[in-house]
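Chains, contacts and geometry: an overview
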Amino acid sequence: MNLLLANNVLFVLAIPAGAIGLLAILPGYRLSAALNVLASFLTLVAAASLFIAHPPADAYFLVDDLNIVFVVLSCFVGFTTSVFSASYIGHELETGRLTPLYLRFYHAMYQMMMFGMNLALLVNNIGLMWVAIELATLATVLMVGIYRTHEALEAAWKYFILASVGIAFALFGTILVYMSALPIVGEGLQGMTWTTLVARVSAFDPALLSVAFVFLFLGYGTKVGLAPLHAWLPDAHAEGPTPISAVLSGLLLNVALYAILRFKTLMALNREAIAPGPLMVTMGLISLVFAAFMLYRRRDIKRLFAYSSIEHMGIIVFAFGMGGPLANFAGLLQMTMHSLTKSAIFFTVGHVAQVKGTQKIAEIRGLTETHPILGFALIVGVLAIAGMPPLGIFMSEFLVVSSTFARQPLLAIALVFGLLVAFGALLLRLQGFAFGEPSGRTAPVHASYVPIFAHLALVVGAGIYLPPLLVSWFHHVALMLG
Amino acid sequence: MHGFSFDVAHLLAGSLVLVSFMLLYQDRLYALLNVFALHAVVLSLSVAWQAHIHDAPHLYITAAIALVFKAIVIPVALHRMIVRLGIHREIEAVGSIGPTMLAGIGLVGLSLAVMLRVTSDADLLAREDLAFALSVLLLGLLIMVTRRNAVSQVVGFMSLENGLVLAATGARGMPLVVEISVAFSVLIAFIVIGIFLFRIRERFDTVDVQALDRFRGDLQ
């Protein structure tokens with residue numbers, strides 16, 4: 001136990017890293033799926049132990065209250081997704097969409113992605129963070145293209161090109177941050193260390209820092225999926241295996257968001273640099289309203305929920321852009337709830353698409369009659385994501401709206417408009433899936449319900465009662481974010 | 001900074017922008033690859049010069065990577081791939097050259113205007129390098145936007161990345177430059193292998209002429 005607490009940061013990174021090699025070598029799908037679950041679970045345990053004790057910031061790692069939230073959320077969703085993935089991928093093997101060799105590759109890539117994300121969240125260096133995000137992106141690109149159909153390859157290619165351009169912009173921004181630190185901090189590794197940058201940013205050249213933030217925001221914003229830069233996101237969600245859709249929405253978008261938040265706090269400490277808030281508010285609002293309208297014309301069920309992810313990332317970026325303790329709190333809560341709900345929805349949708357043999361919305365009808373458990377899980381999930389009270393997302397959206405009304409009533413009108421448009425679209429589609437004359441195949445499904453119910457229970461529970469410990473933790477982080 | 005070493009650094013960085021312009025109007029894939037090889041050679045000279053004047057030996061590794069990997073291995077590999085895929089005779093619609101070049105000039109003007117203004121505190125060489133690097137980056141983006149063929153999009157991306165390496169080496173004493181250039185090389189190797197495997201399979205999986213037509217050249 002003491003060993004775990006003393007080295008928990010290393011464990012969070014070493015377990016996935018070790019699992020990559022092991023999963024790449026070991027044959028047999030059952031064994032590697034089980035090992036994948038085990039590795040994800042152990043990573044989660046190590047991550048959760050960060051709550052109890054964490055090392056002070058050193059030259060390599062920075063662990064504070066902000067990234068503990070992100071790491072634990074990532075590892076939790078990573079673990080439940082690995083459980084879901086075990087049953088999902090087994091089915092894909094039966095239907096022959098994937099071969100055993102590809103499965104081995106898939107599991108190794110899954111752990112590679114977890115490693116990349118955890119590294120990006122924990123390092124104390126903006127250059128290494130960039131490398132880690134690139135690694136995680138590369139792993140997901142390979143997984144998106146794994147079915148090798150024409151559509152999957154096109155989606156992977158689009159994702160790859162857009163993410164690479166985004167990541168190139170982010171690197172340019174990173175170089176500019178280093179350049180602005182150079183006269184104050186001096187040459188070498190210190191100019192890229194978070195803790196040093198935060199301590200001395202007030203003396204940096206504000207003009208250079210402002211330009212740097214624009215590049216960083218555009219670069220990492222591409223990975224968050226903000227509106228004009230979102231084109232990769234729906235394709236990548238729709239054409240890859242569903243567990244990957246779940247982790248893309250649940251984790252990878254959050255990691256890019258984390259990078260933006262870190263740089264935002266950096267900017268806030270320099271008085272003369274541009275305020276990042278208005279930029280984030282604008283992009284967030286555009287993403288929200290744009291995605292809300294796009295929801296109406298979707299024909300593919302995974303694409304529908306991918307657009308809903310863009311919408312929610314818009315809300316979250318908007319909330320953090322508004323800033324202040326209340327809006328930041330709402331943003332954190334929204335992010336957590338969205339990760340949990342959206343991955344639960346993708347778990348359900350994955351099983352639905354497998355049993356119906358299609359992802360077309362028009363061909364999925366009457367789920368509550370043919371597959372009541374999946375049907376009702378989907379109802380709860382969609383109601384939650386649409387923001388119905390008393391579920392978790394309602395609470396966070398309510399906080400975002402009310403804090404905005406108090407400060408910028410005009411912005412709040414646009415915000416509420418976007419939320420209502422999205423609400424209408426989701427309920428309209430839900431009616432089609434869940435009720436009416438059943439269509440398509442009605443064969444019973446071998447689903448893993450545990451991850452779905454675990455996530456939905458958390459979302460419903462959080463809507464009714466938030467533990468005071470969580471509230472005070474989020475409150476503290478919200479103050480940190482300024 | 002004495003005159004001669006500054007002039008050489010300036011010349012090399014400026015040549016990189018010039019070669020980027022040359023990439024912009026190549027409409028044949030072979031010519032595009034040859035010009036890209038030249039781009040990589042100029043980059044490697046520029047990085048090596050930076051290593052020399054800043055006395056930073058680790059940058060020679062970055063220069064060597066640029067020379068061996070980007071100027072020789074990747075162009076040769078892409079060359080062979082183009083032959084295997086049978087797309088070597090294709091002429092790409094890159095849009096009319098005039099407007100594309102004008103857009104390129106506009107982008108270079110924009111990057112000079114932005115970077116020179118905000119870096120007034122930095123030393124002269126770093127300022128110029130950053131401005132040129134941003135120009136190369138934006139021109140690379142323009143190349144990617146104006147092309148529809150997977151191979152030439154990759155060439156655009158690689159030239160964009162060359163701009164980033166130029167910026168990173170221009171920032172004095174920046175750590176992780178070598179690591180970042182290795183990471184980028186891995187990234188590019190992945191793409192190239194990816195195109196090769198996927199495209200070859202597509203070609204031989206089907207004999208339907210219409211499907212071949214539909215898939216030809218355009219991976220988007």
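Residues numbered from 1 in each chain as written. Chains lettered and ligands numbered in written order. Predicted model: local features only at pLDDT ≥ 70, side-chain atom pairs only at ≥ 80, totals over all residues.

Considerations on the overall build of chain B
A tally of helices and strands in chain B yields eight helices and zero strands. Ordered by position from N to C terminus, the α and β elements of chain B give α-α-α-α-α-α-α-α. The buried share of chain B, taken over its 220 residues, is 44%. In chain B, 73% of the contacts between residues at least 6 apart in sequence involve partners at least 24 apart. (Helix = DSSP H or I, 4+ residues; strand = E, 2+ residues; numbered from the N terminus. Buried ≥ 20, exposed ≤ 12 C-beta atoms within 10 Å, placed from the backbone. Contact = placed C-beta atoms within 7 Å.)

Quick look at the overall build of chain A
Looking only at helices and strands, chain A features 20 helices and zero strands. At 21 Å, chain A has a C-alpha radius of gyration in line with the 23 Å of a compact globule built from 482 residues. For chain A, long-range pairs separated by at least 24 residues make up 81% of all intrachain contacts whose partners lie at least 6 apart in sequence. (Rg over C-alpha atoms; globule rule 2.2 N^0.38 Å.)

With respect to the packing of helix H2 (residues 8-25) of chain A against helix H3 (residues 29-48) of chain A
All names here are of chain A. Packing of H2 against H3 brings their axes to within 8 Å, and their N-to-C directions diverge by 170°. In this view, H2 runs roughly antiparallel relative to H3, as classed from their interaxial angle. Residue-level contacts link Asn-8, Phe-11, Val-12, Ile-15, Pro-16, Ala-19, Leu-22 and Leu-23 of H2 to Ser-32, Leu-35, Asn-36, Ala-39, Leu-42, Thr-43, Ala-46 and Ala-47 of H3. (Axes fitted to C-alpha atoms, helices over the stretch in contact; angles between N-to-C directions. Parallel < 35°, antiparallel > 145°, perpendicular 65-115°, else oblique.)

A word on the interface of chain A and chain B
Listed per partner, the contact involves 30 residues of chain A and 31 residues of chain B. Examining the composition of the side of chain A that touches chain B, we find that 16 residues originate from one element, helix H7 (residues 150-185) of chain A, more than from any other. By residue class, the composition of the side of chain A that touches chain B is 21 nonpolar, three polar and six charged. (Nonpolar A, V, L, I, M, F, W, Y, C, P; charged D, E, K, R; others polar.)

Describing helix H3 (residues 58-85) of chain B
Residues and elements named next belong to chain B. If you check H3, its first and last C-alpha atoms are 38 Å apart, about what 28 residues at 1.5 Å a residue would give, namely 40 Å. The sharpest bend along H3 comes to roughly 30°, located at Phe-69. All of the buried residues along H3 are Leu-59, Thr-62, Ala-63, Ile-65, Ala-66, Lys-70, Ala-71, Ile-74, Pro-75, Leu-78, Met-81 and Leu-85. Where H3 terminates, the next one or two residues include Gly-86, which has phi positive at roughly 65°. (Expected span 1.5 Å × (residues − 1). Bend = angle between axes of the 7 residues up to and from the residue.)

A closer look at the packing of H2 of chain A against helix H5 (residues 100-122) of chain A
Residue and element names in this part refer to chain A. Taken N-terminus to C-terminus, the directions of H2 and H5 make an angle of 160°; their axes are 8 Å apart at the nearest point. In terms of orientation, H2 lies roughly antiparallel with respect to H5. Crossing angle aside, the handedness with which H2 passes H5 is left-handed. Facing Val-9, Val-12, Leu-13, Pro-16, Ala-17, Ala-19, Ile-20, Leu-23 and Ala-24 of H2, the residues of H5 in contact are Arg-104, His-107, Ala-108, Gln-111, Met-112, Met-114, Phe-115, Asn-118, Leu-119 and Leu-122. Of the residues contributing to the contact of H2 with H5, the split by class is 15 nonpolar, three polar and one charged. (Left-handed = near helix turned anticlockwise from the far one by under 90°.)

So, unusual backbone geometry
Residue Pro-390 of chain A is reached from Pro-389 of chain A by a cis peptide bond, and omega for that bond is 0°. With respect to the element layout, Pro-390 of chain A can be found in the loop between helix H16 (372-386) and helix H17 (392-407).

Overview of the confidence of the model for chain B
All names here are of chain B. Residues of chain B with pLDDT of at least 70 account for 84%, and the chain-wide mean is 81. Here helix H8 (residues 209-215) stands out as the least confident element of chain B, with mean pLDDT 39; helix H2 (residues 29-54) is the most confident, with 92. The complex model carries a pTM of 0.91, and its ipTM stands at 0.87. (pLDDT = per-residue confidence, 0-100.)

Considering helix H9 (residues 206-224) of chain A
Residues and elements named next belong to chain A. Over its 19 residues, H9 runs 25 Å from end to end, which matches the ideal 27 Å to within 8%, given 1.5 Å per residue. Most of H9 is tucked away: 15 of the 19 residues are buried. Just past H9, the residue Gly-225 takes up positive phi, approximately 90°.

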